[in-house]
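Remarks on the overall topology
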Amino acid sequence: MDGATLKKRLLNLQETFEEREDTLTELDRDIGDGDHGVNMVRGFKALKAALENVETVPDVLKTTGMTLMSKVGGASGPLYGFGFVKMAQVAEDEITDENLPKLLQAFSDAVAQRGKVELNEKTMYDVIEPARAAVEAGESVDISYLQQLADETYHMVATKGRAAYYKEESRGHTDPGAQSSVYILNALIGDD
């Protein structure tokens, strides 16, 4: 995937997030502050202007990261933003099957470090890290696989972020960050 293709996929996320804004907001209303959908739309809407004259894979990733950090509120902006900036630091001219694992490792490490999270804490990391491991193992990672990972957060008890305040009551809700990660990772990994 070259810079132009990556840019197109990331810009297409604006429509994806607009379509799913209500769902994400509803998920966040259940165990958060109810603004995740709005925040994701705001961030990806801002990308169009930010990426206008940006062409290379590293620059597209870095600009996306900086934009998300400044435009997406809550914890998601800094986490996704930092993840994209870290991917930019290891990116090459094209995203290939060979270098994709390195990019996803940078993304996963950034989210773990900035969010101080581990697996099974009901966060976006519960989609990002297993997806990274699956790609590294050469497994096929498509949107249905990513969705399955997000769905698994439904049964978890949140121990990080605002959802952690709900303790046991957080069980029975899909994590909004895990759900938004499905769409972002699909843009980075998916073949469609």
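Here is what the cut-offs are and how they apply
- Residues numbered from 1 in each chain as written.
- Predicted model: local features only at pLDDT ≥ 70, side-chain atom pairs only at ≥ 80, totals over all residues.
- Heavy atoms only, no water.
- Salt bridge = Lys/Arg side-chain N within 4 Å of Asp/Glu carboxyl O.
- Helix = DSSP H or I, 4+ residues; strand = E, 2+ residues; numbered from the N terminus.
- Buried < 20%, exposed > 50% of the residue type's maximum accessible area, 1.4 Å probe, protein only.
- UniProt positions renumbered as here; feature names shortened; annotations may be inferred.
- Patch = residues over 30% accessible without salt bridge, like charges linked within 9 Å, V, L, I, M, F, W, Y side chains within 5 Å.
- Areas by Shrake-Rupley, 256 points an atom, 1.4 Å probe, with all protein chains shown as cover.
- Lys, Arg positive; Asp, Glu negative; His and termini not counted.
- Charge placed at Lys NZ, Arg CZ, Asp CG, Glu CD.
- Expected span 1.5 Å × (residues − 1).
- Contact = heavy atoms within 4.5 Å.
- Core = buried A, V, L, I, M, F, W, Y, C linked by side-chain atoms within 4.5 Å.
- Phe/Tyr/Trp six-rings, centres within 6.5 Å; stacked < 30°, edge-to-face > 60°.
- Lys NZ or Arg CZ within 6 Å of the ring centre and 35° of its normal.
- 1 Å grid on protein atoms, 1.4 Å probe; cavity = no way out; pocket = protein on both sides within 12 Å on 5 of 7 lines; lining within 4 Å.
- Points joined across faces, edges and corners; volume = space filled by probe spheres on them.
- Nonpolar A, V, L, I, M, F, W, Y, C, P; charged D, E, K, R; others polar.
- Bend = angle between axes of the 7 residues up to and from the residue.

Close approach of charged atoms allows side chains with opposite charge to pair. Summed over all chains, the structure comprises nine salt bridges. When the shortest N-O distance is used, the salt bridge between aspartate 33 and arginine 162 registers 3.5 Å. Here arginine 162 lies in the loop between α7 (143–152) and α8 (176–189) and aspartate 33 lies in the loop between α1 (3–31) and α2 (36–50), a separation of 129 residues in the sequence. In this structure aspartate 33 comes out as partly exposed when scored by relative accessible area, which is 41%. Since its relative accessible area comes to 47%, arginine 162 is described here as partly exposed. Glutamate 136 serves as the salt-bridge partner of arginine 132, at 2.6 Å between the closest nitrogen and oxygen. In this pair, arginine 132 and glutamate 136 are both assigned in helix α6 (residues 125–136), four residues apart and thus about one turn of the helix distant. The class of arginine 132 is buried, set by a relative accessible area of 11%.

A separate point is the UniProt feature "domain: DhaL" (unreviewed entry) in the protein chain. Under the local residue numbering, the UniProt record ascribes the feature "domain: DhaL" (unreviewed entry) to residues 4–190. Taken as a whole, residues 4–190 contains 67% helix and 0% strand, while its terminal C-alpha atoms sit 16 Å from one another.

Glancing now at a negative patch on the surface. The grouping of Asp97, Glu98, Asp142 and Asp191 at the surface amounts to a negative patch. Considering the arrangement of structural elements, one finds aspartate 97 in the loop between α4 (76–90) and α5 (100–115).

A few words now on α4. Side chains of residues three or four places apart in an α-helix project in the same direction, reflecting 3.6 residues per turn. Between its first and last C-alpha atoms α4 spans 22 Å; for 15 residues at 1.5 Å apiece the expected length is 21 Å, and the two agree. Burial runs high along α4: 11 of the 15 residues are buried. Where α4 is concerned, the buried positions are Ser76, Gly77, Leu79, Tyr80, Gly81, Phe82, Gly83, Phe84, Val85, Met87 and Ala88.

Here the focus is the side chain of threonine 25. Along the chain, threonine 25 turns up in helix α1. Residues within four places of threonine 25 in sequence aside, it is in contact with Gly34, Gly37 and Val38.

So, on to the nonpolar core. One finds Phe17, Leu61, Ile184, Leu185 and Leu188 to be the most contacted residues of the largest nonpolar core, which totals 50 residues. When contributions to this core are tallied by element, the ones reaching two or more residues are α1, α2, α3 (57–71), α4, α5, α6, α7 and α8. Top contributing element to this core by residue count: α8, with eight residues.

Moving on: the packing of aromatic side chains. As enumerated under the stated definition, the model contains three aromatic pairs in all. Following the ring pairs from residue to residue traces out a cluster consisting of Phe17, Phe44 and Tyr183. Positioned over the ring face of phenylalanine 82 is arginine 114, at 4.0 Å from the centre of the ring.

Here the focus is the layout of surface pockets. Put simply, the largest pocket is a space of about 490 Å³. For the largest pocket, the lining is made up of 25 residues, of which Ala75, Ser76, Gly161, Arg162 and Asp175 are closest to its centre. Counting only elements with at least two residues in the lining of the largest pocket, the list comes to α1, α2, α4, α5 and α8. Its residues placed into classes, the lining of the largest pocket shows eight nonpolar, 10 polar and seven charged.

On to α1, then. In this model α1 runs just 36 Å from its N-terminal to its C-terminal C-alpha over 29 residues, more than 12% under the 42 Å that 1.5 Å per residue would give. In the structure, α1 departs most strongly from a straight axis at arginine 20, where the bend amounts to approximately 60 degrees.

Position of tyrosine 125 among the secondary structure elements: in helix α6. For tyrosine 125, a relative accessible area of 10% puts it in the buried group. Taking C-alpha positions, tyrosine 125 is 12 Å from leucine 104, a pair spaced 21 residues apart along the chain.

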